[in-house]
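Chain residues, written in single-letter form:
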Amino acid sequence: MNKPMAYKPTIGLEIHVELNTGSKMFCSCKNDSDEHRPNINICPTCTAQPGSLPVINEEAVRKVIKTGLALNCKIPEYSRFDRKNYFYPDLPKGYQISQLYFPLCKDGFLEIGGEKVRIREIHLEEDTGKLTHPEGEDYSLVDFNRAGVPLMELVTEPDIASASEAKDFASELQLIMRYLDVSFADMEKGQMRIEANVSVGEKGKLGIKVEIKNLNSFRAVEKGIDYEIERQREVLSEGYKVLQETRGWDDIKGKTYSQREKEEAHDYRYFPEPDLPPLHHSKEFIKEIKGEFFELPSQKRKRFGREYELGEKEIEMFVQNRGLGDYFEKVISELGPNLPKENLSRLIKLSSNYLITDLQGLLKGEQVSDEKFLITPENFAEFVVLINKGEISSKIAKMVLLEMFNSGTDPSDIIEKKGLAQISDISEIEVIINEVLAKNKKAVEDYKSGKESAYQFLVGQIMIKTKGKANPQIIKDVLKRSLTK
Ligand SMILES: [Zn+2]
């Protein structure tokens with residue numbers, strides 16, 4: 001369906017990411033999102049007892065700057081924390097320590113599908129506690145384990161043009177967080193939370209900004225934004241005005257709904273945090289963070305294409321599944337440095353195929369980095385070499401891999417112990433084929449009178465007799481020769 005071009009969507013994202021530091025933002029309490037017992041990791045500071053004072057967590061500052069550098073941001077030498085005042089039961093101090101005027105990182109960008117999405121700023125703040133409302137009760141419970149956990153907020157410019165681009169931005173950002181080891185960025189655990197600002201402009205003018213919350217999965221990001229674009233288009237095409245407001249996303253109904261009218265920054269009465277000194281970063285400090293080696297997903301994609309000449313799909317698999325990508329590289333380095341180039345590229349292709357299809361099938365979602373995983377890269381490399389040399393057929397290879405997976409045994413040991421080596425000796429195969437032909441005279445006659453299916457039947461009989469171990473090419477050659485005698 002053609003939509004009138006007069007309506008143009010503009011999308012910006014605000015993404016909160018919980019940092020995976022050892023301790024909280026302003027105290028030494030453990031930062032542990034897996035702690036399910038309430039109010040275990042708390043102290044006077046993160047529960048705002050009178051007289052307690054905050055101390056800045058340097059690890060958190062480093063992680064935000066590292067992220068900023070990876071996202072092409074400027075890192076101003078001066079930065080500062082501000083107080084954002086609001087009242088809510090999960091916020092013990094009655095204000096949140098955040099950054100409004102002097103964020104840690106500014107003016108960066110991330111490329112998505114060849115288009116630059118500008119990043120306005122990345123700042124550091126603290127997370128709130130969590131409220132639970134027991135069903136049927138007239139009270140609520142508050143858990144302060146999360147209060148004071150370092151929270152990074154990244155704000156993009158409204159450079160995103162579609163819901164799918166927004167989803168791609170968010171998922172690439174998640175991958176980068178994980179590569180940099182700044183956050184586990186698990187959306188289901190609330191370690192990464194996305195809000196989208198959507199406005200639909202009319203006749204070249206910018207529209208009214210509507211904020212969507214509760215986008216708890218990448219799917220929700222895409223569906224929620226799509227829904228909102230359509231809703232605003234309809235409002236405008238009926239001649240009404242879009243209201244500036246915050247809307248929630250209802251994943252079950254597949255709709256956004258009005259939550260409240262948007263607060264302005266002045267509603268929060270921001271002012272410089274008096275309990276914390278401003279930050280002055282030296283050039284050496286920034287240089288030191290820059291010097292920590294990290295390879296970004298985009299760099300890895302390029303390198304995998306260049307070094308291993310893999311297809312786009314395979315590369316993406318190894319980039320998304322970092323453990324599998326690392327394992328793949330270990331296997332390749334075990335293949336031996338002195339292989340002729342042609343041979344090496346065949347082995348690389350085989351390794352990639354067996355890792356992505358057969359091994360992933362056996363892993364059923366488990367990771368090669370798990371302790372339970374028994375196949376060493378050396379054994380996997382040997383396995384691939386054996387296939388390439390024709391010592392085991394692809395059918396037998398699956399059996400060998402399963403055995404390696406279950407026991408961690410060397411592939412050559414498995415092949416020897418179970419007698420699985422491929423029969424490539426022509427005379428041995430000839431004897432078997434002659435036996436099969438003598439037993440199946442009817443099929444031989446059928447084939448000679450032009451029935452192709454009889455040929456397949458004979459191949460099948462030979463495979464059964466050799467338990468799948470005969471080299472298929474030799475079977476074909478010898479059988480064709482015997483049948484035309
Ligand atoms: Zn604490």
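Thresholds applied
Residues numbered from 1 in each chain as written. Predicted model: local features only at pLDDT ≥ 70, side-chain atom pairs only at ≥ 80, totals over all residues. Heavy atoms only, no water. Helix = DSSP H or I, 4+ residues; strand = E, 2+ residues; numbered from the N terminus. Rg over C-alpha atoms; globule rule 2.2 N^0.38 Å. Buried < 20%, exposed > 50% of the residue type's maximum accessible area, 1.4 Å probe, protein only. Phe/Tyr/Trp six-rings, centres within 6.5 Å; stacked < 30°, edge-to-face > 60°. Lys NZ or Arg CZ within 6 Å of the ring centre and 35° of its normal. Pairing = 2+ DSSP bridges. Contact = heavy atoms within 4.5 Å. Salt bridge = Lys/Arg side-chain N within 4 Å of Asp/Glu carboxyl O. 1 Å grid on protein atoms, 1.4 Å probe; cavity = no way out; pocket = protein on both sides within 12 Å on 5 of 7 lines; lining within 4 Å. Points joined across faces, edges and corners; volume = space filled by probe spheres on them. Nonpolar A, V, L, I, M, F, W, Y, C, P; charged D, E, K, R; others polar. pLDDT = per-residue confidence, 0-100. Patch = residues over 30% accessible without salt bridge, like charges linked within 9 Å, V, L, I, M, F, W, Y side chains within 5 Å. Areas by Shrake-Rupley, 256 points an atom, 1.4 Å probe, with all protein chains shown as cover. Expected span 1.5 Å × (residues − 1). Donors = N, O, S within 2.8 Å, 3.2 Å for Na, K, Ca; no water. Tetrahedral: all angles 85-135°; square planar, octahedral: opposite > 155°, others 65-115°. Core = buried A, V, L, I, M, F, W, Y, C linked by side-chain atoms within 4.5 Å. Axes fitted to C-alpha atoms, helices over the stretch in contact; angles between N-to-C directions. Parallel < 35°, antiparallel > 145°, perpendicular 65-115°, else oblique. Left-handed = near helix turned anticlockwise from the far one by under 90°.

Participant: Before we go on, may I ask you to explain the overall build of the protein chain in this structure?
Facilitator: A tally of regular secondary structure across the protein chain gives 15 helices and 15 strands. In summary, the protein chain has a C-alpha radius of gyration of 31 Å against a globular reference of 23 Å for 485 residues, an excess of more than 25%. Taken along the three principal axes of its C-alpha coordinates, the protein chain extends 95 × 55 × 50 Å. Every one of the 485 residues in the protein chain was classed for burial, and the buried ones make up 48%.

Participant: What is the right way to read the packing of aromatic side chains from this model?
Facilitator: The description of an aromatic ring pair rests on the distance of the ring centres and on the angle between the ring planes. Under the criterion given, the structure shown has 16 aromatic pairs. On the numbers, 6.3 Å between centres and 55 degrees between planes, the contact of Phe-373 with Phe-405 is tilted. Within this pair, whereas Phe-373 is found in the loop between α8 (341–363) and α9 (377–388), its partner Phe-405 is found in helix α10 (residues 394–407), the two being separated by 32 residues in sequence. A relative accessible area of 12% places Phe-373 in the buried class. Classification of Phe-405 by relative accessible area gives partly exposed; the value is 21%. By way of ring pairs, the aromatic residues Tyr-327, Tyr-354, Phe-373, Phe-380, Phe-383 and Phe-405 are connected into one cluster. The side chain of Lys-84 reaches across the aromatic face of Tyr-268, ending 4.4 Å from its centre.

Participant: Mind showing me how you'd approach the sheet that holds strand β4 (residues 95–98) here?
Facilitator: Paired through their backbone hydrogen bonds, the strands of a sheet run either parallel or antiparallel. Sheet architecture is open: three strands sit in the order β4-β3-β14, paired in antiparallel fashion. Each edge of the open sheet is held by one strand with a lone partner, namely β4 and β14 (271–272). As defined by bridge partners, strand β3 (residues 82–85) adjoins β14 across two bridges and the pair is classed as antiparallel. From the neighbouring strand, Arg-83 faces β14, where its bridge partner is Phe-271.

Participant: Hey, could you run me through the environment of Gly-248 in this one?
Facilitator: Tracing the sequence through the fold places Gly-248 in strand β12 (residues 245–250). Judged by relative accessible area, which is 0%, Gly-248 ranks as buried. Expressed as a C-alpha distance, the spacing of Gly-248 and Ser-258, which sit 10 residues apart in the sequence, is 6.5 Å. With sequence-adjacent residues up to four places away left out, Gly-248 is seen in contact with Ile-212, Lys-213, Asn-214, Lys-255, Thr-256, Tyr-257 and Gln-259.

Participant: How should the pattern of salt bridges be read in this particular structure?
Facilitator: Where charged atoms from two side chains of opposite charge come close, those side chains can pair. A full pass over the atoms with the stated rule returns 40 salt bridges. Its salt-bridge partner being Glu-195, residue Lys-213 comes within 3.4 Å of it at the nearest N-O pair. Of this pair, Lys-213 sits in strand β11 (residues 210–215) while Glu-195 sits in strand β10 (residues 192–202), and the two are 18 residues apart along the sequence. In this structure, the salt-bridge partner of Lys-213 is Glu-211, at a minimum N-O distance of 3.3 Å.

Participant: It is not clear to me how empty space enclosed by the protein should be interpreted in this structure. Could you clarify?
Facilitator: The gaps of empty space that remain are located by a probe, the size of a water molecule, rolled over the atoms. Under the defined criterion, the tally for this structure stands at one cavity of 30 Å³ or more. Volume-wise, the largest cavity comes out at about 110 Å³. Along its surface, the largest cavity is lined by 17 residues, and Cys-46, Lys-93, Glu-126, Ala-147 and Gly-148 are the ones closest to its centre. Class assignment for the residues of the lining of the largest cavity results in eight nonpolar, four polar and five charged.

Participant: How should I be thinking about the pairing of strand β9 (residues 150–156) in this particular structure?
Facilitator: Looking along a regular strand, one sees side chains alternate from face to face of the sheet. Most of β9 is tucked away, with seven of its seven residues classed as buried. Neither face of β9 is open: one carries Pro-150, Met-152, Leu-154 and Thr-156, the other Leu-151, Glu-153 and Val-155, and all of them are buried. When strand β1 (residues 7–18) meets β9, the two strands line up antiparallel, connected through five bridges. Its bridge partner being in β9, Glu-14 is matched across the sheet by Val-155. For strand β6 (residues 115–126) and β9, the ladder comprises seven bridges, and the chain directions are antiparallel. Counterpart to His-123 in the pairing with β9 is Glu-153.

Participant: Quick question: what am I supposed to make of the confidence of the model for the protein chain here?
Facilitator: Do not read the predicted coordinates in detail wherever pLDDT is low. Across the protein chain, the average pLDDT comes to 91, with 97% of residues at 70 or higher. Least confident of the elements in the protein chain is helix α15 (residues 472–483), whose mean pLDDT is 81; most confident is β9, at 98.

Participant: Please clarify how a nonpolar patch on the surface should be interpreted in this entry.
Facilitator: A cluster of nonpolar side chains, contributed by Tyr-78, Leu-100, Tyr-101 and Phe-102, occupies part of the molecular surface with about 340 Å² of accessible area. Structurally, Tyr-78 can be placed in strand β2 (residues 78–79).

Participant: Quick question: what am I supposed to make of helix α1 (residues 58–70) here?
Facilitator: Residues spaced three or four apart along an α-helix face the same direction, because each turn holds 3.6 residues. Helix length check: α1 (13 residues) gives 18 Å between terminal C-alpha atoms against 18 Å at 1.5 Å per residue, within 8%. Across the 13 residues that make up α1, a large majority, 11, are buried. Buried within α1 are the following residues: Ala-60, Val-61, Arg-62, Lys-63, Val-64, Ile-65, Lys-66, Thr-67, Gly-68, Leu-69 and Ala-70. The inward-facing, buried residues of α1 abut β5 (105–112), β6, β9, α2 (163–180), β15 (279–280) and α4 (283–291). The first or second residue beyond α1 is Asn-72, which carries a positive phi of 60 degrees.

Participant: When you look at the coordination of the zinc ion in this model, what are you seeing that I'm missing?
Facilitator: For a metal bound by four donors in tetrahedral geometry, the ideal donor-metal-donor angle is 109.5 degrees, whereas six donors in octahedral geometry ideally sit at 90 or 180 degrees. Taken together, Cys-27 (SG), Cys-29 (SG), Cys-43 (SG) and Cys-46 (SG) make up the protein donors of the zinc ion, found 2.3 Å from the metal. In this structure, the zinc ion is surrounded by four donor atoms whose angles at the metal cover 100 to 114 degrees, and the resulting shape is tetrahedral. Looking at Cys-46, the relative accessible area reads 6%, which means it is buried.

Participant: Where do I start with the nonpolar core in this structure?
Facilitator: One recurring pattern in soluble globular proteins: nonpolar side chains tend to sit buried together. Counting residues in hydrophobic clusters, the biggest one holds 66 residues, and the most contacted among them are Leu-13, Phe-169, Met-192 and Ile-225. Counting residues per element, this core draws most heavily on α2, which supplies eight residues. With residues near it in sequence (within four places) discarded, Ile-225 still touches Ile-11, Leu-13, Ala-163, Ala-166, Ala-196, Val-198, Ile-212 and Ala-220. Residues Phe-318, Val-319, Val-384 and Ile-392 belong to the second largest nonpolar core, which totals 40 residues.

Participant: Can you walk me through the packing of α8 against α10 in this structure?
Facilitator: To describe two helices that pack against each other, one gives the angle between their axes and the distance between the axes. In contact at an axis separation of 11 Å, α8 and α10 are set at 50 degrees when each is read in the N-to-C sense. In this view, α8 runs oblique relative to α10, as classed from their interaxial angle. The handedness of the crossing between α8 and α10 comes out as right-handed. Residues Tyr-354, Asp-358, Leu-359, Leu-362 and Leu-363 of α8 touch α10, and the partners they reach there are Ser-394, Ala-397, Lys-398, Leu-401, Leu-402 and Phe-405.

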